[in-house]
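Here are the chains, one letter per residue:
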Amino acid sequence: MTVCAIEMTTLVPFTIAADGSYAARLAGEGEARFVERWTLAGPEPYAVPLPLAQPEEADSEVLPLADGRVLIHRRVAERHAFALLYPTGAAAGPRTGELQLGAVDAEEGVRVGLLPPSPDGSGAFALAAADGVTTVWQVAGGSFGPQAVARIPGRCSGGVWLDRAGRLLALDRELEGTTKSVAVDLGCGGVSPLLQIAEDSDDRLLLADPDSGLLLIRSDAPGEPRLGWGVLGSSRPVRFPECLRLGGALPFAAQPGQALMPETCGVALRLPEGDIGLWRPADRHVVRLSAPPGWLGGTGLWSPQGRLHLPYATPEVPCGVVGLSLPASAPPPVHLDPSPRQAPRPVPLQQAPLH
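Residues numbered from 1 in each chain as written. Predicted model: local features only at pLDDT ≥ 70, side-chain atom pairs only at ≥ 80, totals over all residues. Heavy atoms only, no water.

**Student:** Which residues make up the sheet that holds strand E23 (residues 276-279), and what values do they have?
**Tutor:** Read across the sheet, 4 strands follow the order E21-E22-E23-E24 without closing on themselves; strand pairing throughout is antiparallel. Since the sheet does not close on itself, it has two edges, and those belong to strand E21 (250-254) and strand E24 (287-289), each with one partner. Strand-to-strand twist of the sheet, defined as the mean angle between neighbouring strand axes without regard to direction, takes the value 30 degrees. Both E21 and strand E22 (residues 267-270) contribute to a ladder of 4 bridges, which runs antiparallel. Its bridge partner being in E22, Leu250 is matched across the sheet by Arg270. (Pairing = 2+ DSSP bridges. Helix = DSSP H or I, 4+ residues; strand = E, 2+ residues; numbered from the N terminus. Axes fitted to C-alpha atoms, helices over the stretch in contact; angles between N-to-C directions.)

As structure tokens, then:
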């Protein structure tokens, strides 16, 4: 599954595991919130509630792992506590098991939030961002509770995985008044530039597909914030197609399995009106479709065959997934040579050694 940077506004938070097998959300209303896990790998999706004796706070975060457990992040007194929830069988009926993982101290001016699911499906990470330095914490999958695995100068946001191993993470770093995406190697803590479109532009990475190398970017280098696309490791310039001039549109999923073919990789966008946009870099238009009623969290999952699966919940169907498809015939790939009016270039990751 392709992962994108977290940008939740007023949508219901809903997170899909890296391999698409499970999903999780906070269900319920008001003070009766509880964790709900969705199983997506079977022939029909179904939901399993994971309530505890005490309701969850509305600002708690949840993240599903590939083994079916759900990580929950709670603010408890002066700490950010992390635990794993899972269904258990008992003589009195289904129960919820809980495994405490430890906590990170809460500090004034430091914002702590979960990163998107790690591609390896077993680890989970959180971002603790302050004005001077940002810390990446591994909060699940480690040996001794939460561990700091990288410290990055500046305040970071976003979070996009660049590989399938869960080692390379892209973050949007604000430093000296400018925001640029950087690549963080969680294995050694090294940081390197990722996007340098113009010297004084704000360049953010919104989505990456490790198979094709496709990157979806938001930058004000063209004179206003625009959506653009590039290819990881390529020296070709970032493109800003007119058809992506869609105001606050946000890409949330990309088609996997398109190795070495970024031009034919399907991309799903959440449009400002709440509709769905389907697009490929080889296209010169965006296909607009109505979002299903009850669409959850502005999220979705592509299949390698080009089918987009969107989760939804309504009073009639509390756990459902609807499928959408791109047009059957793909347009011919575009010629990727730079035009005479060249756009500024991203820094190829392979040419920006980690340090």
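From this point, the discussion proceeds with the structure in view.
**Student:** Could you give me a rundown of the pairing of E22, with the residues and numbers involved?
**Tutor:** Taken residue by residue, a regular strand's side chains alternate between the two faces of the sheet. Of the two faces of E22, both are covered, the one formed by Val267 and Leu269 as well as the one formed by Ala268 and Arg270. When E22 meets E23, the two strands line up antiparallel, connected through 4 bridges. Across the sheet, residue Val267 finds its bridge partner in E23, namely Trp279. Counting the residues between successive antiparallel strands, the hairpin from E22 to E23 contains 5 residues, one of them, Gly274, with a positive phi of roughly 95 degrees. (Buried < 20%, exposed > 50% of the residue type's maximum accessible area, 1.4 Å probe, protein only.)

**Student:** Quick one: what's the story with the side chain of Thr314, residue by residue and with numbers?
**Tutor:** Residue placement: Thr314 occurs in the loop between strand E26 (307-312) and strand E27 (320-325). The contacts of Thr314, once residues within four sequence positions are left out, are Pro293 and Gly294. (Contact = heavy atoms within 4.5 Å.)

**Student:** Let's hear about the environment of Arg74: which residues, and what values?
**Tutor:** Inspection of the secondary structure puts Arg74 in strand E7 (residues 70-76). The class for Arg74 is buried, based on a relative accessible area of 14%. A sequence separation of 12 residues divides Arg74 from Val62, and the C-alpha atoms of the two residues are 9.1 Å apart. Leave out the neighbours within four places in its chain, and Arg74 touches Leu52, Glu56, Ser60, Arg79, His80, Ala81, Ala83, Leu85 and Glu98. Engagement of the side chain of Arg74 in a polar contact is seen with the side chain of Glu56, the distance being 2.7 Å. (Polar contact = N/O pair within 3.5 Å; in protein donor to acceptor, adjacent residues only side chain to side chain.)

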